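Letter by letter, the chains look like this.
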Amino acid sequence: MGIAIALAGNPNSGKTTLFNALTGARQHVGNYPGVTVEKKEGKYSDDIGEFNIVDLPGTYSLTAYSMEEVVARDYLVNEKPAMVVDIIDASNLERNLYLCVQFLEMGMPVTIALNMMDVANKRGIEIDHKKLSKLLNIPVVPTIARKGHGKKKLLQAIAAKSESNIEPLKISYGQDIDTALDEMEDMIKSSGFLTNRYNARWTAIKYLENDGQVKELGSKGDKNLDLQLETIVEKVTKHLAATLDTHPEGMIADQRYGFINSILKQGIIKRYHDENRLQISDKIDKVVTNRFLGPIIMIAIIMGLYKFTFSYSEMPVSWFESFFGWLSGAVDSALPEGLLKSLIVSGIIDGAGGVLGFVPLIMFMFFGVSLLEDSGYLARMSFMLDRIFRMFGLHGSSVMAFIISGGIAGGCAVPGVMATRTLKSPKERLATLLTVPFMNCGAKLPVFALLIAAFFSENEAQMMLVITLIAWFGALIVARILRSTVIKGEATPFVMELPPYRMPTLKGILIHTWERTWQYIKKAGTVILGVSIIIWAMMTFPGLDENQSKLFEDQRAVITSQAGYAILSDIETLESDQLSAQASAVKDNLSRVDLDEAKAGLKNSIAGRIGTSLEGLTKFAGFDWRTNIALVGGFAAKEVVVSTLGTAYSLGEVDPEEKGSLSERLKSAEGWGPLTAFSLIIFTIFYAPCFVTVICIAREAGSWKWAGFSVVFNTVLAFGLSVLCYQVGSVIM
Ligand code: BGO
């Protein structure tokens, strides 16, 4: 029968020359069925084996824009050749690899014939073809088709590889398109649309690329599916136009070139003078990703982001705090004493309101992160961090998942865990998805912001940088430990998308900022509000029983009757200012009893009992029972730590006029200081992911075992580190 191979490539890459060199006289020319495109077939046989060779029409892409592209693509999916030999002009590697990437995305078995090596060498271009082969994970054989050089090696490589099963290449096209693709892929899979021809993700990509052929098949098939797919395409098209002033096809092409660019940047080409639109990006990259300057610039940019966030958000945050302070005071005086007032003031306003108070800070942080992302700088960070990541058993593609999870600040571990799908090695993927929850997600930010404002207000940006470095360092160490123990395995080479720099538009950044901020507000208004109310109930019930309440009633009665007796007996001799001093002393004494009663009620509540029962252990980390309640609430969502502290310190207080902001209350609260705050920061960085992330980990890791592992392991680790910090700190300070 012989091995069926198809020669493909850009026009003028030397396909016909190679075809002639291989087949000699044993060829015949016809047409592809139904079209006027010429089809050349031929045979080759020797001791390596027998090969049936088809010369496909030359194309630049595999999207059905031209007849040649449709013919080439149809041949590949209908005839399923054992190998596609992609003839690449070595002197124009970047442009030629664009087609190759599309074959790989389609899931075709590919061998590269790196042709025109003589031309490349003459131009002073040297190519490390072995490294290229390793990075793309396909055979790459240098050839000079005109002289017949390399053809034997090429056929040997094909014969050795033609049996293997191919996993389609998965490129990340940026968060907007990736999310749309995931959704479309699921729909395509479940309806079975074209699944006998293409992998579902590829069909989805073609929809986004506006591929005439696939869209026509879609419109003739399941109308409902077609409508759903078109709706998603329309939505993401509008979104990209509004935010990045681009369209899906442009974005997809950019990311594909970005993928190629990141390969070529890894020392594949010794000398490279390609005059193309990436040139400006290359020039910027020479400085920005420079081995020595790059990390300094990166730290300076992150530091600048934090400075910008904290200094510009300070005033609006204080407005929000004053507003919620005023609101809680107003409601407090308007409503009669009782459960309803307690629910609204302590549960809702001080709980969820505490989280909403950080909206301006979150907004400024998201503005900065959107700027870095839209300009293309975030991808450069991944590129630079790849080498470090590999030392810790992770992969360059892990960096993006870390950043999405809040590597700089303000992300979310849920999309971060999902972003690990672009990692090919299951072990590197598992190690990544178990460590991304250590990043500073948007939910942890208000916790850090609260504690920084209360205890480290002199050095806000520096403290935030320290927290970020601790999170990264901790995540990498844990990854190394996991990769050396429970998830042992080889590291895979790094390839990711390095798209050209863009000038971000203000409109685009504002839309991205608002989208993220809105997510935060929505979460505060739904999940956090719900959890705040539950926790308020847990902090309020069962309350004090009759006997306990009576004790406080008695104390109050004693104070008032003693005061009444004293005033009455001396009424003749007391001056009016002495009278008012006595009255205020009585008021103070009564307030103290009220405070003791509120504290006793809180301590006796369900949450209080949980917090108190844990205190025996958590005191070694500096946490009292109120902090414990907050941390238990944080298992639901990390913002709850702030809302619960808000409720706990609100329920413990009596006079709303004297309350001040939560950070002020913490500053003056007993048992609190910079060391306790730092210990709490460490615990918050490392302890169990929130429950949505845990569910996500279970789904992505394919087992609840790993989800359970992350809850237990992270919490034990967090506690150990907090105890260490607190105990060492107590000795030093
Ligand atoms: C002409 N090295 C060099 N130097 N040239 C090569 C190589 C190689 O490895 N391989 C191919 N070529 P096609 P497509 C030509 O035709 O096979 C040359 O479209 C000319 N012709 O000889 O046609 C090849 O099938 C007059 O060059 O490509 C051909 O993929 C002057 O690349 C060209 C100079 O090859 C395209 C070149 C009348």
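Placed above this text is the structure.
What counts as what
Residues numbered from 1 in each chain as written. Predicted model: local features only at pLDDT ≥ 70, side-chain atom pairs only at ≥ 80, totals over all residues. Heavy atoms only, no water. Helix = DSSP H or I, 4+ residues; strand = E, 2+ residues; numbered from the N terminus. Buried < 20%, exposed > 50% of the residue type's maximum accessible area, 1.4 Å probe, protein only. Contact = heavy atoms within 4.5 Å. Areas by Shrake-Rupley, 256 points an atom, 1.4 Å probe, with all protein chains shown as cover. Lys, Arg positive; Asp, Glu negative; His and termini not counted. Charge placed at Lys NZ, Arg CZ, Asp CG, Glu CD. Axes fitted to C-alpha atoms, helices over the stretch in contact; angles between N-to-C directions. Parallel < 35°, antiparallel > 145°, perpendicular 65-115°, else oblique. Left-handed = near helix turned anticlockwise from the far one by under 90°. Core = buried A, V, L, I, M, F, W, Y, C linked by side-chain atoms within 4.5 Å. Near = heavy atom within 4 Å. Polar contact = N/O pair within 3.5 Å; in protein donor to acceptor, adjacent residues only side chain to side chain. Nonpolar A, V, L, I, M, F, W, Y, C, P; charged D, E, K, R; others polar. Patch = residues over 30% accessible without salt bridge, like charges linked within 9 Å, V, L, I, M, F, W, Y side chains within 5 Å. Salt bridge = Lys/Arg side-chain N within 4 Å of Asp/Glu carboxyl O. Pairing = 2+ DSSP bridges. Phe/Tyr/Trp six-rings, centres within 6.5 Å; stacked < 30°, edge-to-face > 60°. Lys NZ or Arg CZ within 6 Å of the ring centre and 35° of its normal. Expected span 1.5 Å × (residues − 1). Bend = angle between axes of the 7 residues up to and from the residue.

Caption draft 1: Representation of the overall build of the protein within the structure. A count of helices and strands for the protein gives 31 helices and seven strands. Taken over the C-alpha atoms alone, the protein extends approximately 130 × 60 × 45 Å along its principal axes. For the protein, buried positions account for 54% of its 733 residues. Taking the intrachain contacts of the protein between residues at least 6 apart in sequence as the baseline, contacts between residues at least 24 apart amount to 75%. Of the roughly 32,400 Å² of accessible surface on the protein, a fraction of 61% belongs to carbon and sulfur atoms. Across the protein, the 70 positively charged side chains and the 75 negatively charged ones have centroids separated by 11 Å.

Caption draft 2: Just the packing of helix α29 (residues 674-686) against helix α31 (residues 704-732), in detail. Look at α29 against α31: their axes get within 8 Å of each other, and the N-to-C directions meet at 160 degrees. When the axes of α29 and α31 are compared, the pair comes out roughly antiparallel. In the packing of α29 onto α31, the handedness of the crossing is right-handed. For the pair α29 and α31, contact is made by L675, T676, F678, S679, I682, F683 and F686 and by N714, T715, L717, A718, F719, L721, S722, C725, Y726, G729 and S730, respectively.

Caption draft 3: Quick peek at the nonpolar core. The biggest cluster of nonpolar side chains holds 107 residues, and the ones touching the most others in it are Y306, L451, L645, L666 and W672. Examining the composition of this core, we find that 12 residues originate from one element, helix α21 (residues 460-484), more than from any other. Not counting the four nearest positions on each side in its chain, L645 is found in contact with L450, R626, T627, A630, V640, L662, L666 and W672. Counting residues in hydrophobic clusters, the runner-up holds 74 residues, among them L97, L114, I138 and M184.

Caption draft 4: Representation of the side chain of S405 within the structure. Structurally, S405 is set in the loop between α17 (396-404) and α18 (413-419). Judged by relative accessible area, which is 0%, S405 ranks as buried. For S405, the contacting residues outside a window of four places in its chain are G411, C412, A413, G416, V436, M439, N440 and C441.

Caption draft 5: Quick peek at the site of the ligand. Taken together, 15 residues lie near the ligand, and N12, K15, T16, T17 and D118 sit nearest. At 3.1 Å, a backbone N or O of G14 approaches an oxygen atom of the ligand. T16 places a polar side-chain atom, nitrogen or oxygen, 2.4 Å from an oxygen atom of the ligand. When the ligand is considered free in solution it has 750 Å² of accessible area, and contact with the protein chains removes 58% of it. Where the shell around the ligand is concerned, the elements lending two or more residues are α1 (15-23) and α4 (117-122). Of the residues forming the shell around the ligand, the biggest block, three residues, is contributed by α1. When the residues that make up the shell around the ligand are grouped by side-chain class, the tally is five nonpolar, seven polar and three charged.

Caption draft 6: How the structure looks around a nonpolar patch on the surface. Together, V527, F691, V692, I695 and W704 make up a nonpolar patch on the protein surface, roughly 480 Å² of accessible area in all. The element best represented in the nonpolar patch is helix α30 (residues 691-701), accounting for three residues. Structurally, W704 can be placed in helix α31.

Caption draft 7: Geometry of the sheet that holds strand β3 (residues 38-46). The seven strands lie next to each other as β2-β3-β4-β1-β5-β6-β7, forming an open sheet whose pairing is mixed. Bordering the open sheet on either side are β2 (27-31) and β7 (140-142), each of which pairs with just one other strand. Each strand axis lies, on average, 25 degrees off the axis of its neighbour in the sheet, ignoring direction. Contacts from helix α5 (residues 129-136) reach β6 (110-115) and β7, with the element oriented near 160 degrees to β7.

Caption draft 8: Broad picture of the environment of I681. If you trace the backbone, I681 turns up in helix α29. With relative accessibility at 0%, the residue I681 sits in the buried group. Taking C-alpha positions, I681 is 26 Å from A698, a pair spaced 17 residues apart along the chain. The residues contacting I681, other than those within four sequence positions of it, are F448, L451, F456, M463 and I467.

Caption draft 9: Geometry of the packing of aromatic side chains. Considering all chains together, one arrives at 22 aromatic pairs under this definition. Between F308 and Y312, the ring centres sit 5.4 Å apart and the planes meet at 50 degrees, which makes this aromatic pair tilted. Placement of both F308 and Y312 in helix α13 (residues 293-334) is noted, with a separation of four residues, approximately one turn of the helix. With a relative accessible area of 26%, F308 lands in the partly exposed category. By way of ring pairs, the aromatic residues F308, Y312, F364 and F367 are connected into one cluster. For the cation-ring pair, R380 lies above Y501, with the distance from its terminal atom to the ring centre recorded as 4.1 Å.

Caption draft 10: Spotlight on helix α16 (residues 377-391). For α16, built from 15 residues, the straight-helix expectation of 21 Å at 1.5 Å per residue is met to within 8% by its first-to-last C-alpha distance of 23 Å. Along its length, α16 reaches its greatest deviation from straightness, about 45 degrees, at L385. Burial of α16 is extensive: 11 of the 15 residues sit out of reach of the surface. A positive phi of about 80 degrees marks G393, the residue just after α16.

Caption draft 11: Examining unusual backbone geometry more closely. For the peptide bond that leads from F541 to P542, omega is 0 degrees, which places it in the cis range. The residue P542 is located in the loop between α22 (506-540) and α23 (546-570) in this model. Positive phi is not limited to glycine here, since M116 has a value of about 60 degrees. One can find M116 in the loop between β6 and α4. One non-glycine residue, L194, lies in positive phi territory at about 60 degrees.

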